[in-house]
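The primary structure of each chain is shown beneath.
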Amino acid sequence: MSSDAKDESTEYNKKLKAYAFIAILSVINVASIAEASKVMPTNPTKDSGSIGTGINLLWGLFTLLFSVTIIVIDVVGIMKDKFDFGTAMDGKIEGYTLLLFNLVWTAGVITLTRAGGLGYAALNVYFSTWLAYFGCIYALDMWLGEKEYVTIKKLCSLSATLPYWWILWFASIVTFGSAADARRLLVGEEEQQQLLRDSCSLAIAIGLVSFCVSLFFILSHYEFLQCNMCTTWMTYGGIFELAVNLVVDIWQVVGIHFLTSAGKIGSSLTGQGDVGDADYVPGSNIYFATWASMVASISITAKWKQAKAMKFARAQNEEVNDEGGLDITDVDDEI
């Protein structure tokens, strides 16, 4: 009876499912990389974009071992009584561990999914890498919420368009980074290789323009831009935001057409051929990044009216507070 009462009173780590998700994806990633090593070149050239399988096994092995250890410590009563990972040093150990998880998988994403990288030898490697990365971000975000720090939800709560500006910002970084990386692999003098280099140049331009525009409106939301125009008609929630984003919408549609059509750099996720071949196309993130950019841009347009209403309500709230009237604290919920 007492053991049942103890089980009911035991408070397990709320992030156990997130750790299990990370562990499963880490297993898939490690196993897939081990299999991919059998078909990848044993001595990749300096231009191939592949670093070899040895170091790339480390990302998954690291998070696998730590995630399993954290789960075991939390579910085995004797171990949890001796060392509660979730509450040790007021949870700071867990926070630092999750931050390290994110840094490890940031390096993993860069090395595994770079143009021509190992992630394109098998799609299990590619998708498990990205999902493990987002799983680590989710777990860290849960920890931040538990400690009442700024979470992704709070960070994006200022307007209805802000989350999509962040998505566009991230996708644009992936777009121009992948395009720049892919361009260095296109070393042939054939016409097809030249067309692919031109396609990469366009992807770099599209990514940089989208990055600059999205960064401007992100900073505008947080009021980092203090010039007179930036705080009046050039700010978010106004006609300026809508007009600029309509141009970005067109820009993204152009990108989708010229980057993902047949024979272009984003036409294939896994690519084809080998470095130096006339028909070589390196695998890259460009396909998904350009589509993510377009979806985010269109979502901003669709959410603009709601963002305008939220900003108007917030302005009214501030005006009432300044006049010493009623305190309307939760404007976003009312909208």
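Details of the structure are given in the entry above.
Residues numbered from 1 in each chain as written. Predicted model: local features only at pLDDT ≥ 70, side-chain atom pairs only at ≥ 80, totals over all residues. Heavy atoms only, no water.

Peer 1: Can you walk me through the overall build of the protein chain in this structure?
Peer 2: When helices and strands are counted, the protein chain shows twelve helices and two strands. Reading the protein chain from its N terminus to its C terminus gives the helix and strand order α-α-α-α-α-α-α-α-α-α-β-β-α-α. For the protein chain, with 335 residues in total, the buried portion stands at 42%. Restricting the contact set of the protein chain to residue pairs at least 6 apart, pairs at least 24 apart contribute 72%. Accessible surface computed for the protein chain: about 17,500 Å², of which carbon and sulfur atoms make up 66%. (Helix = DSSP H or I, 4+ residues; strand = E, 2+ residues; numbered from the N terminus. Buried < 20%, exposed > 50% of the residue type's maximum accessible area, 1.4 Å probe, protein only. Contact = heavy atoms within 4.5 Å. Areas by Shrake-Rupley, 256 points an atom, 1.4 Å probe, with all protein chains shown as cover.)

Peer 1: What should I look at first to understand the environment of Leu186 in this one?
Peer 2: You can see Leu186 is positioned in the loop between helix H8 (162-183) and helix H9 (191-221). Considering only alpha carbons, one finds Leu186 and Pro282, 96 residues apart in sequence, at a separation of 8.1 Å. Discounting chain neighbours no more than four positions away, the residues touching Leu186 are Gln193, Leu196, Arg197, Cys200, Tyr280 and Pro282.

Peer 1: What is the right way to read the nonpolar core from this model?
Peer 2: Grouped together as the largest cluster of nonpolar side chains are 29 residues, with contacts concentrated most on Tyr19, Leu98, Phe101, Trp105, Leu112 and Trp130. Those elements that place two or more of their residues in this core are helix H2 (16-36), helix H3 (53-75), helix H5 (92-112) and helix H6 (123-146). Other than its neighbours up to four places away in sequence, Leu98 contacts Lys15, Tyr19, Ala139, Leu140 and Trp143. Counting residues in hydrophobic clusters, the runner-up holds 14 residues, among them Ala115, Ala179, Tyr280 and Val281. (Core = buried A, V, L, I, M, F, W, Y, C linked by side-chain atoms within 4.5 Å.)

Peer 1: In this structure, what is going on with a nonpolar patch on the surface? I would like to understand it.
Peer 2: Together, Phe21, Leu123, Phe127, Leu131, Tyr287, Phe288, Trp291 and Val295 line one region of the surface with nonpolar side chains, adding up to about 680 Å² of accessible area. When residues in the nonpolar patch are grouped by element, the largest group, four residues, is from helix H11 (residues 286-322). Tracing the backbone shows Val295 in helix H11. (Patch = residues over 30% accessible without salt bridge, like charges linked within 9 Å, V, L, I, M, F, W, Y side chains within 5 Å. Salt bridge = Lys/Arg side-chain N within 4 Å of Asp/Glu carboxyl O.)

Peer 1: How do you make sense of the packing of aromatic side chains when you look at a structure like this?
Peer 2: Two numbers describe a pair of aromatic rings. These are the distance of the centres and the angle of the planes. This structure, assessed with the given rule, holds 20 aromatic pairs. Arranged with centres 4.7 Å apart and planes meeting at 35°, the rings of Phe62 and Phe66 form a pair that is tilted. Placement of the pair is Phe62 and Phe66 together in helix H3, with a separation of four residues, close to one helical turn. Note on Phe62: relative accessible area 22%, which makes it partly exposed. Centre to centre, the rings of Phe176 and Phe211 are 6.0 Å apart; their planes meet at 80°, and the pair counts as edge-to-face. A residue pair is termed long-range when its members are at least 10 positions apart, and Phe176 in helix H8 and Phe211 in helix H9 qualify at 35 residues. Its relative accessible area of 21% is what places Phe211 among the partly exposed residues. Taken together through their ring pairs, the aromatic side chains of Tyr120, Tyr126, Phe127, Tyr287 and Phe288 make up a single cluster. (Phe/Tyr/Trp six-rings, centres within 6.5 Å; stacked < 30°, edge-to-face > 60°.)

Peer 1: I keep staring at the pattern of salt bridges and nothing clicks. Help me out?
Peer 2: Think of it this way: side chains of opposite charge can pair up when their charged atoms draw near. All told, the structure shown has four salt bridges when counted by the stated rule. The partner of Lys15 in a salt bridge is Glu94, with the nearest N and O atoms 3.4 Å apart. Separated by 79 residues along the polypeptide, Lys15 in the loop between helix H1 (2-9) and H2 and Glu94 in helix H5 bring together distant segments of the chain. Of the two residues, Lys15 and Glu94, neither departs from the other in class, the shared state being buried. The salt bridge partner of Lys15 is Glu146, with a shortest N-O separation of 2.8 Å.

Peer 1: Honestly, the environment of Leu112 in this entry has me stumped. Any pointers?
Peer 2: With respect to the helices and strands, the residue Leu112 is situated in helix H5. Among the residues examined, Leu112 registers a relative accessible area of 0% and is labelled buried. Apart from residues lying up to four places away in sequence, Leu112 is in contact with Asn29, Ile33, Asn56, Trp59, Trp105, Gly117, Leu118, Gly119, Tyr120, Val125 and Thr129.

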